[in-house]
Amino acid sequence: MEEDDHLSKPTTTTDPSDSALQRKHAAMIERLSNLHQSRSTRKPESESNSTSSFLSRFSESKNSIESTLSRIRQTPDPHSNPTLKPELDNVSLSISNLEKLVAENSFSLPSYEVRTCLKTVADLKQIVEQVACDVIPKKKFSFKNKSTKKTTTQNDDLGVRVLDNNSQNVESRDLGFKVLDSPGFRGNENEVLVKEFNNRGSDEEIREFVLSDLRGCEVRLMGNIRALFVNKLIDCKVYVGPVFGSVLIDEAKDCVFMMASHQIRIHQAKMCDFYLRVRSRPIIEDSNGVRFAPYCLKYDGIEKDLEEANLGEETGNWSNVDDFKWLRAVQSPNWSILPENERLGAVDISTRDAKISC
């Protein structure tokens, strides 16, 4: 019986090599799990720190601007104080810098933070406009000759108008972007409008430029500027060199825009083509039928201008468009990529007759 019992008991043997392999496998799984957990913990923490740092800087600058505006508003007898207008100019510059800060950090921020910050910037611009109306005396109406120097010649049935570097159009209009007395082209029709910014880097550099109420015009802006404001353009072609800060476009129809900037925001654009180089994602609102392609502008010295504006490299953001009025996960129907067979070639605006090469 003992022999039978001995025979009835199964015998099992374990290969030492299998046991060692199992231990190694378990150890590897544990290491990978720990590594994944460590990475997933560090990444949100890093992103959180970056966002917190930006929001702290943004809030500090916003509070400083609001404090200055509050002090200006409380100035006794503001109409007789000659220092207020320069102070408001400085506030406008601070707001432009704040907007540039948003543009430079938009690629790393949550989209709702970008929208909130841009809304804050827009609100600050409106406040500046209101404060300016309250404290700066309005000029009495009078008839006067325009001092802007112009040269007009014929070019394919279009007038060619050159804005002199020393001239400034100081008409104050409600552009939607609340621009104060900025130089620019306004109210032109069927003309070629040329401006070359030769005093880049000087204290007299033009910080903001305006294009408003243009129809059937071709605009050529060469050199660097800090901000460009576009309002109410119909059937225009706009070729723009590097913009250090932002481009804001409001109400454009059947136009072609070729521009490079740190931030580009487009509002109420219909059936327009945009050839862009931009460091942050382009933003559209209340727009439809807009198409996008890469920047392809040329003029003498543009490569240097692009480098100075920190726009020397193509980022590919021209195709990463945010439609703020389209909240669904699927592609917005309001914009599309311009098909390659319909795109313009390189456009050279160095000469009076703009050349397009294939």
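Residues numbered from 1 in each chain as written. Predicted model: local features only at pLDDT ≥ 70, side-chain atom pairs only at ≥ 80, totals over all residues. Heavy atoms only, no water.

As annotated in an unreviewed UniProt entry, the protein carries the name Tubulin-folding cofactor c and is attributed to Nicotiana attenuata. Of the comments in the UniProt record for the protein, the one headed Subcellular location (unreviewed entry) reads "Cytoplasm". (UniProt positions renumbered as here; feature names shortened; annotations may be inferred.)

Here's the deal with the overall build of the protein
When its secondary structure is counted, the protein shows 5 helices and 17 strands. Across the 358 residues that make up the protein, the buried fraction comes to 41%. In the protein, the share of contacts with a sequence separation of at least 24, taken over all contacts with a separation of at least 6, comes to 52%. Taken as a whole, the protein presents about 20600 Å² of accessible surface, with 48% of it coming from carbon and sulfur. (Helix = DSSP H or I, 4+ residues; strand = E, 2+ residues; numbered from the N terminus. Buried < 20%, exposed > 50% of the residue type's maximum accessible area, 1.4 Å probe, protein only. Contact = heavy atoms within 4.5 Å. Areas by Shrake-Rupley, 256 points an atom, 1.4 Å probe, with all protein chains shown as cover.)

A look at the environment of Leu124
Along the polypeptide, Leu124 turns up in helix H4 (residues 111–135). For Leu124, a relative accessible area of 1% puts it in the buried group. In this view, Leu124 contacts Ile65, Glu66, Ile95 and Leu98; residues no more than four positions away in its chain are not counted.

Quick notes on the pattern of salt bridges
Per the counting criterion, the structure on display carries 11 salt bridges. For the salt bridge of Glu99 with Lys125, the shortest nitrogen-to-oxygen distance reads 3.2 Å. Pair noted here: Glu99 is in helix H3 (residues 84–105) and Lys125 is in helix H4, with a separation of 26 residues, a long-range link. Lys125 shares its class with Glu99; the two are buried. (Salt bridge = Lys/Arg side-chain N within 4 Å of Asp/Glu carboxyl O.)

Here we look at unusual backbone geometry
Unusually for a residue other than glycine, Asn190 sits at a positive phi of about 55°. Looking at the secondary structure, you find Asn190 in the loop between strand S3 (184–186) and strand S4 (191–196). Judged by its relative accessible area of 39%, Asn190 falls in the partly exposed class. Of note, the phi angle at Lys232 is positive, near 60°, even though the residue is not glycine. The residue Lys232 is located in strand S7 (residues 225–234) in this model.

A closer look at the pairing of strand S5 (residues 208–215)
Burial of S5 is extensive: 6 of the 8 residues sit out of reach of the surface. Sheet topology note: the S3/S5 ladder contains 3 bridges and is parallel. The residue of S5 that forms the bridge with Arg186 is Ser212. Bridge analysis of S5 against S7 gives 7 bridges, and the strand direction is parallel. Paired with Phe209 across the two strands is Leu228, which belongs to S7. (Pairing = 2+ DSSP bridges.)

Overview of the packing of aromatic side chains
Overall, the coordinates contain 6 aromatic pairs when judged by the stated rule. Considering the side-chain rings of Phe54 and Phe58, the 5.8 Å spacing of their centres and the 35° angle between planes classify their relative orientation as tilted. A residue pair is termed a helical-turn pair when its members lie 3 or 4 positions apart in one helix, as Phe54 and Phe58 do in helix H2 (residues 16–73) at 4 residues. Here the aromatic rings of Phe274 and Phe292 are separated by 5.4 Å at their centres, their planes lie at 20°, and the arrangement is stacked. (Phe/Tyr/Trp six-rings, centres within 6.5 Å; stacked < 30°, edge-to-face > 60°.)

A closer look at the nonpolar core
Ranked by internal contacts, the top residues of the largest apolar core, which has 36 residues, are Leu211, Leu228, Phe257, Met259, Phe274 and Phe292. Elements with a minimum of two residues in this core: S5, strand S6 (218–222), S7, strand S8 (237–253), strand S9 (256–270), strand S10 (273–278) and strand S12 (290–294). Contacts of Met259, omitting those with residues within four sequence positions, involve Leu228, Val238, Val240, Val247, Ile249, Ile264, Tyr275, Leu276, Arg277 and Tyr295. Core analysis: the next-biggest nonpolar cluster, separate from the first, contains 24 residues, Ile65, Leu98, Leu101 and Ala132 among them. (Core = buried A, V, L, I, M, F, W, Y, C linked by side-chain atoms within 4.5 Å.)

Focus: the pairing of S7
Burial within S7 is extensive, with 7 of its 10 residues counted as buried. Looking at chain direction, S7 and S8 are connected through 8 bridges and run parallel. Across the sheet, the residue bridging to Asn231 is Asp250, located in S8.

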